[in-house]
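Structure assessment
In case you want the letters, here they are:
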Amino acid sequence: MITVQNLSLCLNGHVILDDVSFTLRAGEYVGLIGPNGAGKTSLVKTLLGMHRPTSGTVTMAPEVKIGYVPQRYRLSAVVPVSVREVLRMATTEPDDTLAKLLQTVELDASFLGRNFHTLSGGQQQRVVIARALAQRPTVLVFDEPLTGVDYDTKQKIYTLLAGLRQREGLTILFVSHEVDQVVAECDRVLCLNQTLHTGCHPLDFARGVLTPCPVGTGGSPTVRPVHHHHDDHHDDGQHQRAGEHENNGDDGQGVSGTHNPDCC
Amino acid sequence: MFGFEFLEYGFMRAALVAGGLTAVSGAVLGNFVVAARQAVVSDMLAHVALVGVGVGILWEVSPSLMALLVTLGAAVLLWAVTRRPENAPEAYSMLLLTGGLALALLLAHVNKNNPTSLETYLFGSLLTITPTELVWFAGLNALILLSLAWLWRPFLTLVFDAEYLRTQRRASVYEVLFLLLLGGLVGVGMKVIGGLLLGGLLVIPVLVVRPFARSFRQSVGMSVLVNVLCALGGIIASFYLDVPTGSAIILSLVGCFAVGQGVARVCQLG
């Protein structure tokens, strides 16, 4: 559906993305992880057409329509705004259509008239997802949507997404910091730090173990499908979480600055 | 004794129309301004407008018109400067605000022998509005309200979730239009309520109704009502009590805010 080829992006003289290539196929649920400053949001913005690639191409199939789901608390909270008004940012359709949209994210029609800011975090995130669905997208892009959402709510949202993907046949790109969850939920995971790191397990990538983790050089990086390894690595995940505290400081350094492209 | 004798005076009728209309567009635009956290920007524009007033007095052209032009220019300038994320809007607003005020003071010094005083535009002079000004102000207010009605959805998206709007369409167009509307209102408000008090007409009604509204539309409706009542009430009070109009209007709004907060607390709202 979406093919990214040799995409490089420079902003204000800084290399943000370097030679990134991947394909999103119809119906896939793909995770995108990477440390802070890895270029995740810039990649998303490039897909949304907000940044023009410095070089390389982004090709979309004709049926691609991207729905974008930001972090819920991006919405300014100083003046009341109803759920209906939040949904109307995306569509002019009448109330019964909006009620159906709410149904798809498991909220009932009575929420339409409620003040968005008085809802719980999980409910707010559902409304923001419904807003993205209002545009009848074929691809949903989530930009760290679960930051600041409690564990229980997170699980419910993950279940909701899996259901949405099945029922509506959506393709999903899910940007997140939470490697364990992304590994568990997604079909495959893209490991981004300026460029895509292929051939390593995302958990290793997140830990900054880059030795067996070569940089993807053009072509079509085949990110290892992780669901086969999921069970094997479940214990690793636990270890990783425990170990994270020890070499937290090393994480960022280990992952960043390994590659020095010259696209600017 | 409390009849409608104030309506017998032409200047009072003009004041009520100009004040009422500015209160309507101030409250509507104010909801967008507060949601976008741009209250400081409105204050900045009002101070920079004083430069236009100074130039108008110096060149003997309408200070209101010059204020409007300077404000629109400052609005575009601020937008251009703060497009870069590293340029914080509130810091650059402060730069323009103080720079504008300093320039206005200089111009006031140069104009010190001129009978038209800067003070008229600092605190407003609603009771001295001329028929020509009234027509202009009414027209500008109508233009602001029509533009807001026409661009309601993109503006709503802009002020609540600018990043989302950027994923949908060219947000910069709406950012500029929004600042221009704010500049236009400042141009009107300089004479009506004064550059120093104008912010109150935008922000206070929104704060008054915040605990009671459940939607943006409700917030707009309620704040228009509060603003118009306080504006008309303030103007009439200033007639009978012989107090400055701007002062009476803003103090009524502050009074409403206090009462509103009390009621909200008793009823455990918001």
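Throughout this document, residue positions are counted from 1 along each chain, in the order its sequence is written. Key to labels: chains lettered from A, ligands numbered from 1, both in the order written. Note on the predicted model: pLDDT of at least 70 is required for a residue's local features to be given, and 80 or more for side-chain atom pairs to be given and counted; whole-chain, interface and lining totals, by contrast, use all residues. Computation of side-chain values: all heavy atoms of the structure, hydrogens and water removed.

Comments concerning helix H10 (residues 198–209) of chain B
Using a 1.4 Å probe on the protein chains alone, a residue whose accessible area is under 20% of its type maximum counts as buried, one over 50% counts as exposed, and one in between counts as partly exposed. Each helix is a run of H or I in the DSSP string that is no shorter than four residues. Each strand is a run of E no shorter than two, and both are numbered from the N terminus. Counting buried positions along H10 of chain B yields 11 of 12 residues, so the element is predominantly enclosed. Buried within H10 of chain B are the following residues: Leu198, Gly199, Gly200, Leu201, Leu202, Val203, Ile204, Pro205, Val206, Val208 and Val209 of chain B.

As for the interface of chain A and chain B
What makes two residues a contact is simply this: any of their non-hydrogen atoms within 4.5 Å. The interface is formed by 27 residues belonging to chain A together with 24 residues belonging to chain B. Using a 1.4 Å probe, buried area is obtained as the accessible area two parts lose upon being combined, added over both of them. Here chain A meets chain B over a buried area of about 2,200 Å², counting both sides, of which 54% is carbon and sulfur. Think of a salt bridge as a Lys or Arg side-chain nitrogen and an Asp or Glu carboxyl oxygen that are within 4 Å of each other. Inspection of the chain A/chain B interface yields two salt bridges. Glutamate 163 of chain B is paired through a salt bridge with lysine 45 of chain A; the nearest N and O atoms lie 2.8 Å apart. Any N or O atom pair separated by 3.5 Å or less is treated as a polar contact, with the protein-specific requirement of one donor-capable and one acceptor-capable atom, and with residues adjacent in sequence counted only for side-chain atom pairs. Connecting chain A to chain B are 11 residue pairs in polar contact (both at pLDDT 80 or more). Gly is put with the polar residues, along with every residue not named as nonpolar or charged; the nonpolar set is Ala, Val, Leu, Ile, Met, Phe, Trp, Tyr, Cys and Pro, and the charged set is Asp, Glu, Lys and Arg. Tallied by class, the residues present in the side of chain A that touches chain B amount to 12 nonpolar, nine polar and six charged.

Describing the pattern of salt bridges
As enumerated under the stated definition, the model contains 13 salt bridges over all chains in all. Across the salt bridge formed by arginine 88 of chain A and aspartate 95 of chain A, the nearest N and O atoms sit 3.2 Å from each other. The exposure class of arginine 88 of chain A is partly exposed, given its relative accessible area of 25%. A salt bridge links arginine 131 of chain A to aspartate 161 of chain B, with the nearest nitrogen and oxygen atoms 2.8 Å apart. Here arginine 131 of chain A, found in helix H4 (residues 121–133), pairs with aspartate 161 of chain B, found in the loop between helix H7 (152–160) and helix H8 (162–168), and the two come from separate chains. Taken as a pair, arginine 131 of chain A and aspartate 161 of chain B share a single burial class, namely buried. Each of Lys45 of chain A together with Glu163, Arg166 and Glu175 of chain B takes part in a single network of salt bridges with overlapping partners.

Quick notes on the pairing of strand S6 (residues 139–143) of chain A
Most of S6 of chain A is tucked away: five of the five residues are buried. Burial of S6 of chain A is two-sided: the residues Val139, Val141 and Asp143 of chain A facing one way and the residues Leu140 and Phe142 of chain A facing the other way are all buried.

Examining the side chain of glutamine 124 of chain A
Summarising the element assignment, glutamine 124 of chain A is placed in helix H4. From its side chain, glutamine 124 of chain A meets the backbone oxygen of phenylalanine 116 of chain A in a polar contact 2.9 Å long.

Some words on the layout of surface pockets
Any residue with an atom within 4 Å of a point lines the site, the site being either a cavity, points on a 1 Å grid over the protein atoms alone where a 1.4 Å probe fits but cannot get out, or a pocket, an open set with protein on both sides within 12 Å along at least 5 of 7 lines. Grid points are joined across faces, edges and corners, and a volume is the space filled by probe spheres set on the points. One number sums up the size of the largest pocket: a volume of about 1,800 Å³. The wall of the largest pocket is formed by 46 residues, among which Thr82, Arg83, Glu163, Arg166 and Glu175 of chain B lie closest to the centre. Elements supplying a minimum of two residues to the lining of the largest pocket: helix H1 (40–47) of chain A together with helix H2 (39–59), helix H3 (63–81), helix H4 (89–110), H7, H8 and helix H9 (171–192) of chain B.

Section: the packing of helix H1 (residues 10–35) of chain B against helix H11 (residues 216–241) of chain B
Residue and element names in this part refer to chain B. As a rule, the C-alpha atoms of each element are fitted with a line to give its axis, helices using only the stretch in contact, and angles between N-to-C directions run from 0 to 180 degrees. Look at H1 against H11: their axes get within 8 Å of each other, and the N-to-C directions meet at 155°. In terms of orientation, H1 and H11 fall into the roughly antiparallel class. Handedness of the H1/H11 crossing: right-handed. Across the contact of H1 with H11, the residue classes tally to 18 nonpolar, seven polar and no charged. The scheme is simple: roughly parallel for angles under 35 degrees, roughly antiparallel for over 145, roughly perpendicular for 65 to 115, oblique for anything else. By convention, the crossing between two helices is left-handed when the near helix turns anticlockwise from the far helix through less than a right angle, and right-handed when the turn is clockwise.

Without other data, these values stay purely geometric and don't point to any function.
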